[in-house]
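So you can see what is in the structure, the chains are spelled out below.
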Amino acid sequence: SVPTATVAKASSFHSRTTVGIMLSGFRIDRMVLGGPAHECGLLRPGDKIVQVDGRLVSKDAVATALLGSDVPGSLVEITVRRDDPQGGPGKAVTVSLARMATDKIADRRRFFELFAEMRNEVARLVTDPATPPPFPLLDESMELWTRMLAADAEHDRRVADNVRGMQKRSRAA
């Protein structure tokens, strides 16, 4: 989301939340695996963020806009413009994401790093070609974790949809 280092450097404070987007200007450079942006499955590297919570944003203001209330679980609506390979105006995509506590996303990222390190260490330690390394166990564990993250993301999407529906009904009343 808002890269913590970028926000801290620009504004001298630390973000408590993230949506897992790393920016280059106002373009999505990368997404943190297991973060809200990655798990929604609708955003891509290269997408240009044009609106946050229905307001147009500039590349100088996008990080602050994404940070918003900086409350874990709070919702942020992001509209991106995806470049058209034929040079046309591109497609607009709007998603609602729940901000995640920065430490929670850091824990998810570290989990995958640890599995990768274990896999590499096992490969280094297994020197007997007759002994197959236990990669299937590590791979199955990582797949299970990925499915669990996807289920969490689906739950978050349903909650966001319910909140938007309640907000619309309350405005109509």
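**A look at the layout of surface pockets**
The probe, sized like a water molecule, is rolled over the atoms to show the empty space still left.
For step 1, the next point in the chain: Roughly 310 Å³ of volume is contained in the largest pocket.
For step 2, the next point in the chain: Elements supplying a minimum of two residues to the lining of the largest pocket: α2 (36-40), β7 (91-98), β8 (100-101), α4 (102-125) and α5 (135-172).
For step 3, the next point in the chain: A per-element tally of the lining of the largest pocket places α5 first, with eight residues.
For step 4, the next point in the chain: Of the residues belonging to the lining of the largest pocket, the class tally is 11 nonpolar, five polar and seven charged.

**Focus on the pairing of strand β6 (residues 75-82)**
For step 1, the next point in the chain: Pairing of strand β4 (residues 48-52) with β6, which is carried by four bridges, proceeds in the antiparallel orientation. Note that in β6 the partner of Val52 across the bridge is Ile78.
For step 2, the next point in the chain: With eight bridges joining them, β6 and β7 adopt antiparallel strand pairing. By the bridge assignment, Glu77 is partnered in β7 with Ser96.

Procedures and definitions
Residue positions are given per chain, counting from 1 as you read along its sequence in written order. Thresholds applied to this predicted model are a pLDDT of at least 70 for local features of residues and 80 or more for the giving and counting of side-chain atom pairs; totals over whole chains, interfaces and linings are not thresholded and use all residues. Excluding hydrogens and water, the side-chain figures rest on all heavy atoms present in the structure. For cavity detection a 1 Å grid was placed over the protein atoms alone, and a set of points counts as a cavity when a 1.4 Å probe fits there but cannot get out; an open set counts as a pocket when protein lies on both sides within 12 Å along at least five of seven lines, with lining residues being those that have an atom within 4 Å of a point. Grid points are joined across faces, edges and corners, and a volume is the space filled by probe spheres set on the points. We count a stretch as a helix when DSSP gives it H or I for four or more residues in a row; a strand needs E for two or more, and each element gets its number in order from the N terminus. In the scheme used here, Gly and all other residues not listed as nonpolar or charged are polar, with Ala, Val, Leu, Ile, Met, Phe, Trp, Tyr, Cys and Pro taken as nonpolar and Asp, Glu, Lys and Arg as charged. Here the rule is simple: two strands pair whenever DSSP picks up at least two bridges between them.

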